Amino acid sequence: MSELTSLLELGAPLAAVAGGAAYARHRTPRTYWSLVGLPAALVRIQSKWDETMGACELSVSPSLVRIMAADRAERSQLPHHVPKLRSVRPSTIGVRLRVRLARGLTTDAVRDASEALRHAWQVNAVYVSEVRPGIVDLHLVGFDVLRRVVLPSRMASKAAGPLRVPIALREDGTVFVRDYRTAPHGLALGATDSGKSMYARNLFAGLASQPVALAGIDCKRGVEQAPFAPRLSALATEPDAALDLLRVLVEEEMDRRYDLIRDHLGIPGTVAREDITANIWGLPDAIRPAPLVLVVDEIAELFLSANKVEDKRRNETVTLLIRYAQLARATGMYLEVLGQRFGAELGKGATALRAQLTHRVVHRVNDIETARMGLGDISEQAMTASTQIPSEQPGTAIAGDSSGRWSRIRTPYLSLADASARCARHAGLVPDLPALDAFRPVPPPAEPGDAVPLVKPHPVPVTE
């Protein structure tokens, strides 16, 4: 009886510890990894390094010279060469290993073995990156960082910059940044409830604190972008107004900026100046116009037409969008297109527009054609991955660019109220762009019960 009592007394604390560890693993995976997962992984890595390298086919046989120099009895005992572990850098989500490759191994060989290494070390994922020839980094991620997305403020602030928005977390734990200077125009696709709107909220909230102009086209009566109205320089909420806005942006604002750049070039044939430029970034600060980001929500609405009048409007709208995407980068004007579906069935101009949108983000989609339009020209694997995103993980997406690189990302949750508050807090940063005054959203009413129109009426007529 006393032995049973002692066993129960000992088992109760152990059960409590096990229960606490299980709770921490589910609710606070970073804490669990730091206290339990990381020490266990380091023991597995360092205690059986040579054995693991051999089992994962990352060992190299002795050179022929050594084999010939050894006695016949010793040849079978000659050790194989394996990669050397040079440094270990733990973190709250994983551990990074700096490795010197054995002679004859390549980075691709280590990438091919990453799945075997993941199982051998019992971690969530292993990513391989080349530092320089012969040296690679193995980034081990201890748990699924996309299950509960937390964007560390220190990492986000470090990644932020002019026209750079830390907008999501990659599956390897690094911050995914939307950088308009590197990829000026982007396409974000996703089915209903896939997280596309969350992506747009994080985008608006991130750009709101920067000295940029924000313009929106939201043909769903403005329900997606109207909450950001205090920070917007222009907002169009129906197709006719969208056409008028595009006319002003392309035929007035963009032309004005090109004239500014051309005038700064000086007279051809004169002595070359050091400050000569072909875009707005080389202009003096005093005359450089503010960069502008145009966000188009539900792009398919601009491609639809039901009669000849709407067909004429649709063709002009698409033509202006393509011109904007082709010419606007040098003037500091950028484009972000969002939609549920995007395919060749939208009609003339869809493929031409897509070709200019080199930055791609595809959330869960309902058809393979949309995935193909978004990622088919980047990677077949990325296209397939976008059709396998589970519906219970909204915000998860496949991000890629024209280089062929792609990764799985997930945007953190941001409520509409918080995103709207951030835009309202930075309403004073709206730059002075006279050409867009007619499209400037009306400030919210002073009293909650007061009703005001969403946008100011503008005098630009729609051409019949």
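Use the structure listed above.
This one's a predicted model, so the numbers in the text were calculated from it and none came from an experiment.

Requested: an account of the layout of surface pockets, with residues and values cited.
Its boundaries defined by the atoms lining it, the largest pocket holds a volume of some 1600 Å³. Taken together, 46 residues make up the lining of the largest pocket; nearest its centre are Arg 170, Glu 171, Asp 172, Trp 406 and Ser 407. Counting residues per element, the lining of the largest pocket draws most heavily on strand E3 (residues 125–132), at five residues. When grouped by side-chain class, the residues that make up the lining of the largest pocket number 16 nonpolar, 16 polar and 14 charged.

Report on the sheet that holds E3, specifying residues and quantitative values.
The strand order E1-E2-E4-E3 describes an open sheet built from four strands, whose pairing is antiparallel. In the strand order of this sheet, the two ends are held by strand E1 (84–90) and E3, each with one partner. Taken pair by pair, the neighbouring strands of this sheet meet at an average axis angle of 20°, ignoring direction. With seven bridges connecting them, strand E2 (residues 94–100) and strand E4 (residues 135–141) associate as antiparallel partners. The residue bridging Arg 98 from the neighbouring strand is Asp 137, located in E4. Of the strands in this sheet, E1, E2 and E4 are in contact with helix H2 (residues 29–47), which crosses E2 at around 25°.

A description of the packing of aromatic side chains should follow, citing residues and the corresponding values.
Evaluation of the coordinates by the stated rule reveals three aromatic pairs. Relative to Trp 121, the ring of Trp 49 has its centre 5.9 Å away and its plane inclined at 15°; by these criteria the two rings are stacked. Here Trp 49, found in helix H3 (residues 49–55), pairs with Trp 121, found in helix H7 (residues 114–121); they are 72 residues apart in sequence, far enough to count as distant. Taking the ring centre of Tyr 180 as reference, the NZ or CZ of Arg 178 above it sits at 4.0 Å. Sitting over the ring of Trp 281, Arg 181 keeps its end group 4.0 Å from the ring centre.

A description of the pattern of salt bridges should follow, citing residues and the corresponding values.
Summed over the entire model, instances satisfying the criterion amount to 19 salt bridges. Between Glu 224 and Lys 220 there is a salt bridge, with its nearest N and O atoms 3.3 Å apart. Its relative accessible area of 23% is what places Glu 224 among the partly exposed residues. Relative accessible area serves as the criterion here: at 29%, Lys 220 is assigned to the partly exposed category. Among the salt bridges present, the one from Arg 360 reaches Asp 377, with a minimum N-O distance of 3.0 Å. A residue pair is termed long-range when its members are at least 10 positions apart, and Arg 360 in strand E12 (residues 359–363) and Asp 377 in the loop between helix H14 (368–375) and helix H15 (380–386) qualify at 17 residues.

Basis of the calculations
Starting from 1, residues in each chain are numbered consecutively following that chain's sequence as written. A pLDDT threshold of at least 70 governs which residues receive local features in this predicted model, and a stricter bar of 80 or more applies before side-chain atom pairs are shown or counted, although totals over entire chains, interfaces and linings include all residues. Side-chain figures throughout are based on the complete set of non-hydrogen atoms in the structure, without hydrogens or water. The way it works is a 1 Å grid over only the protein atoms, where trapped points that fit a 1.4 Å probe form a cavity and open points with protein on both sides within 12 Å along at least five of seven lines form a pocket, and then any residue with an atom within 4 Å of a point lines it. Grid points are joined across faces, edges and corners, and a volume is the space filled by probe spheres set on the points. Only runs of H or I of at least four residues qualify as helices and only runs of E of at least two qualify as strands under DSSP, and these elements are numbered from the N terminus. Gly falls in the polar group here, along with every residue not listed as nonpolar (Ala, Val, Leu, Ile, Met, Phe, Trp, Tyr, Cys, Pro) or charged (Asp, Glu, Lys, Arg). What makes two strands pair is DSSP finding at least two bridges between them. Axis geometry follows a simple rule: fit a line to the C-alpha atoms, using only the stretch in contact for helices, then measure angles between N-to-C directions, giving values from 0 to 180 degrees. Every residue pair with non-hydrogen atoms within 4.5 Å of one another is taken to be in contact. Centre distance within 6.5 Å is the pairing criterion for rings of Phe, Tyr and Trp, where only the six-membered ring of Trp is used; planes under 30 degrees apart are then read as stacked, over 60 as edge-to-face, and the remainder as tilted. We call a charge positioned over a ring when the NZ of a Lys or the CZ of an Arg lies within 6 Å of the ring centre and within 35 degrees of the ring normal. Salt bridges are defined by distance alone: a side-chain nitrogen of Lys or Arg within 4 Å of a carboxyl oxygen of Asp or Glu. To sort residues, take the accessible area from a 1.4 Å probe on protein chains only and compare it with the maximum for the residue type: under 20% means buried, over 50% means exposed, and anything in between is partly exposed.

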